[in-house]
Amino acid sequence: MTTALIILAIIAITVLLFGFAVRYGFRAPRIKETGDPADYGLNFRTVSIPGKNGANLFGWHILATDAPAAPTILIMHGWGVNAEVILPVAVPLCRAGYNALLLDARNHGSSDSGGPSSMPTFAEDIESGLDWLKQQPETGKIALLGHSVGAAATLLVASKRHDMDAVISIASFAHPEWLMQRYLQSLHLPKWLIALVLRYVERIIGHRFDDIAPINTRCKITCPVLLVHGEADKTIPVKDLQAIADNCKDHKADILLIPEADHDSVGLIEQHSGELLSFLKRAGL
């Protein structure tokens with residue numbers, strides 16, 4: 001083997017290893033549900049919703065009322081968890097009379113696997129849930145509620161289609177590049193390698209970060225938006241919320257800051273369900 005072929009082989013192996021390392025490092029852990037809405041005394045049915053590329057999405061359709069065309073909240077969890085983790089936020093909303101659809105994103109919980117997970121694939125799964133909800137006779141007006149990556153995905157969906165009536169974003173990041181830079185810098189990687197990883201991730205998810213960043217998508221949403229964030233969030237700092245809010249001067253969002261809440265403080269968010277319900281009512285749901 002000539003020197004040139006050896007060099008090409010080394011480059012090819014390096015590229016393959018680099019791609020594997022990035023995909024492995026950003027893979028989503030899978031945690032399946034051990035409980036369900038019946039644990040909270042809620043009436044529900046387990047559903048399987050057709051998603052992208054033939055993947056079926058696991059979900060809980062909670063029917064809080066027998067009234068036809070009741071307002072319904074589609075709820076999406078964050079990275080590496082499942083519908084059960086975000087369920088406590090849904091409970092007081094359902095007890096107040098809202099129906100809900102809680103979904104597991106692809107590669108999460110009890111949903112099917114389906115390629116690499118990313119914020120845009122979360123958004124695709126939310127859209128699949130929206131399309132399914134609109135076929136159900138119990139569904140009236142629809143609100144989206146998401147946490148973390150799920151929150152960013154709800155903002156992306158609402159920026160592209162206008163068949164929902166309100167959005168509640170809990171602990172969304174402002175820009176995926178900022179989020180990834182913070183994580184990669186914590187690993188003490190050199191700047192050139194961080195830049196390479198960022199451009200590679202854009203390539204594998206098929207989207208430019210600027211095009212899907214909540215700081216930009218928020219400005220294209222026409223329905224009422226509530227931005228919720230914990231003041232003690234160490235994963236996504238509260239300055240990300242402020243960046244999202246400040247970038248859209250013409251269409252201001254409602255803001256709810258929760259003292260002492262960290263990124264995954266679902267219990268503290270649940271305690272502020274009164275503010276969530278007030279927002280939904282102001283939005284006409």
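Everything numeric in this text was worked out from a predicted model, so none of it was measured.

**Student:** Hey, could you run me through the environment of Ile205 in this one?
**Tutor:** Mapped onto the fold, Ile205 is located in helix H6 (residues 191–205). With 46 residues separating them in the primary sequence, Ile205 and Ser159 have C-alpha atoms 18 Å apart. When neighbours within four sequence positions are excluded, Ile205 is seen to be in contact with Ser118, Pro120 and Ile212.

**Student:** Would you explain a nonpolar patch on the surface in this entry?
**Tutor:** On the surface, Val238, Ile255 and Leu257 cluster together into a nonpolar patch covering about 200 Å² of accessible area. As for its placement among the helices and strands, Ile255 is situated in strand S8 (residues 254–258). Judged by its relative accessible area of 39%, Ile255 falls in the partly exposed class.

**Student:** Teacher, can you tell me more about the packing of helix H2 (residues 83–95) against helix H11 (residues 273–282) here?
**Tutor:** For any two helices packed against each other, the geometry is given by the interaxial angle and the distance between the axes. Packing of H2 against H11 leaves a shortest axis separation of 10 Å and a crossing angle of 55°. The angle between H2 and H11 falls in the class oblique. Crossing of H2 against H11: the hand is right-handed. Of the residues in H11, those in contact with Val89, Pro92 and Leu93 of H2 are Ser273, Leu276, Leu277 and Leu280. For the contact of H2 with H11, a count of residues per class yields six nonpolar, one polar and no charged.

**Student:** Looking at this model, I keep getting lost on the side chain of Ser117. Mind explaining?
**Tutor:** Within the element layout of this structure, Ser117 appears in the loop between strand S4 (99–103) and helix H3 (119–133). Since its relative accessible area comes to 16%, Ser117 is described here as buried. Among the polar contacts listed, one links the side chain of Ser117 to the side chain of Asn107, at a separation of 2.8 Å.

**Student:** Can you walk me through the environment of Pro50 in this structure?
**Tutor:** Mapped onto the secondary structure, Pro50 falls in strand S1 (residues 44–50). Among the residues examined, Pro50 registers a relative accessible area of 57% and is labelled exposed. Remark: the alpha-carbon pair of Pro50 and Leu102, spanning 52 residues in sequence, is separated by 14 Å. If sequence neighbours within four positions are ignored, Pro50 has contacts with Ala55, Asn56 and Ser128.

**Student:** In this structure, what is going on with the nonpolar core? I would like to understand it.
**Tutor:** Here is a general trend for soluble globular proteins: nonpolar side chains tend to be buried in one another's company. In this structure, Leu74, Leu101, Met119, Leu144, Met164 and Val167 are the most contacted members of the largest nonpolar core, which totals 50 residues. Counting 36 residues, the second-largest nonpolar core is a separate cluster that includes Trp60, Ala83, Leu102 and Val228.

**Student:** What should I look at first to understand the sheet that holds S1 in this one?
**Tutor:** Remark on secondary structure: sheet strands pair via backbone hydrogen bonds, oriented parallel or antiparallel. Strands sit in the order S1-S2-S4-S3-S5-S6-S7-S8 across an open sheet of eight strands; the sheet is mixed. Edge strands, defined here as strands with exactly one partner in the open sheet, are S1 and S8. Neighbour-to-neighbour, the strand axes of the sheet open up by a mean angle of 20°, direction not taken into account. Here four bridges tie strand S6 (residues 166–170) to strand S7 (residues 225–230), and the two strands are oriented parallel to one another. Bridge assignment links Val167 to a residue of S7, and that residue is Val225. Sheet strands in contact with H2 are strand S2 (56–62), strand S3 (70–76), S4, strand S5 (139–147) and S6, and its direction is about 175° off that of S4.

**Student:** Explain the state of the cysteines here, please?
**Tutor:** Disulfide: a covalent bond connecting the sulfur atoms of a pair of cysteines. Going through the model one piece at a time under the given rule, you end up with one disulfide. Here Cys94 is not disulfide-linked; the sulfur of Cys223 is the nearest cysteine sulfur, at 19 Å. Of the cysteine sulfurs around Cys223, a residue in no disulfide, the closest is that of Cys248, at 13 Å. According to the relative accessible area criterion, Cys223 is buried, its value standing at 9%.

**Student:** I would appreciate a short explanation of the packing of aromatic side chains in the present structure.
**Tutor:** Each aromatic ring pair is characterised by the separation of its centres together with the angle its planes make. Inspection of every chain in the model, using the stated rule, returns three aromatic pairs. Between the aromatic rings of Phe44 and Trp60, the centroid separation amounts to 6.4 Å while the plane-to-plane angle is 80°, which identifies the pairing as edge-to-face. Remark: Trp60 occurs in strand S2 and Phe44 occurs in strand S1; sequence separation between them is 16 residues. Classification of Phe44 as partly exposed rests on a relative accessible area of 22%. Aromatic pair Trp79 and Phe122: ring centres 6.1 Å apart, planes at 15°, arrangement stacked. Of the two residues, Trp79 is situated in the loop between S3 and H2 and Phe122 in helix H3; the sequence distance between them amounts to 43 residues.

**Student:** Please explain the pattern of salt bridges as it appears in this structure.
**Tutor:** If the charged atoms of two oppositely charged side chains come close together, the side chains can form a pair. Applying the stated criterion to the full structure yields 13 salt bridges. Residue Arg199 pairs with Glu177 through a salt bridge whose shortest N-O separation is 2.9 Å. Residue Arg199 is located in helix H6, and its partner Glu177 is located in helix H5 (residues 176–186); the two are separated by 22 residues in the primary sequence. Note that Arg208 is salt-bridged to Asp210, the shortest N-O span being 3.6 Å. Looking at Asp210, the relative accessible area reads 38%, which means it is partly exposed. One connected set of salt bridges, linked through shared partners, spans Glu127, Asp131, Lys160, Arg161 and Asp163.

What counts as what
- Residues numbered from 1 in each chain as written.
- Predicted model: local features only at pLDDT ≥ 70, side-chain atom pairs only at ≥ 80, totals over all residues.
- Heavy atoms only, no water.
- Helix = DSSP H or I, 4+ residues; strand = E, 2+ residues; numbered from the N terminus.
- Contact = heavy atoms within 4.5 Å.
- Patch = residues over 30% accessible without salt bridge, like charges linked within 9 Å, V, L, I, M, F, W, Y side chains within 5 Å.
- Areas by Shrake-Rupley, 256 points an atom, 1.4 Å probe, with all protein chains shown as cover.
- Salt bridge = Lys/Arg side-chain N within 4 Å of Asp/Glu carboxyl O.
- Buried < 20%, exposed > 50% of the residue type's maximum accessible area, 1.4 Å probe, protein only.
- Axes fitted to C-alpha atoms, helices over the stretch in contact; angles between N-to-C directions.
- Parallel < 35°, antiparallel > 145°, perpendicular 65-115°, else oblique.
- Left-handed = near helix turned anticlockwise from the far one by under 90°.
- Nonpolar A, V, L, I, M, F, W, Y, C, P; charged D, E, K, R; others polar.
- Polar contact = N/O pair within 3.5 Å; in protein donor to acceptor, adjacent residues only side chain to side chain.
- Core = buried A, V, L, I, M, F, W, Y, C linked by side-chain atoms within 4.5 Å.
- Pairing = 2+ DSSP bridges.
- Disulfide = S-S within 2.5 Å.
- Phe/Tyr/Trp six-rings, centres within 6.5 Å; stacked < 30°, edge-to-face > 60°.

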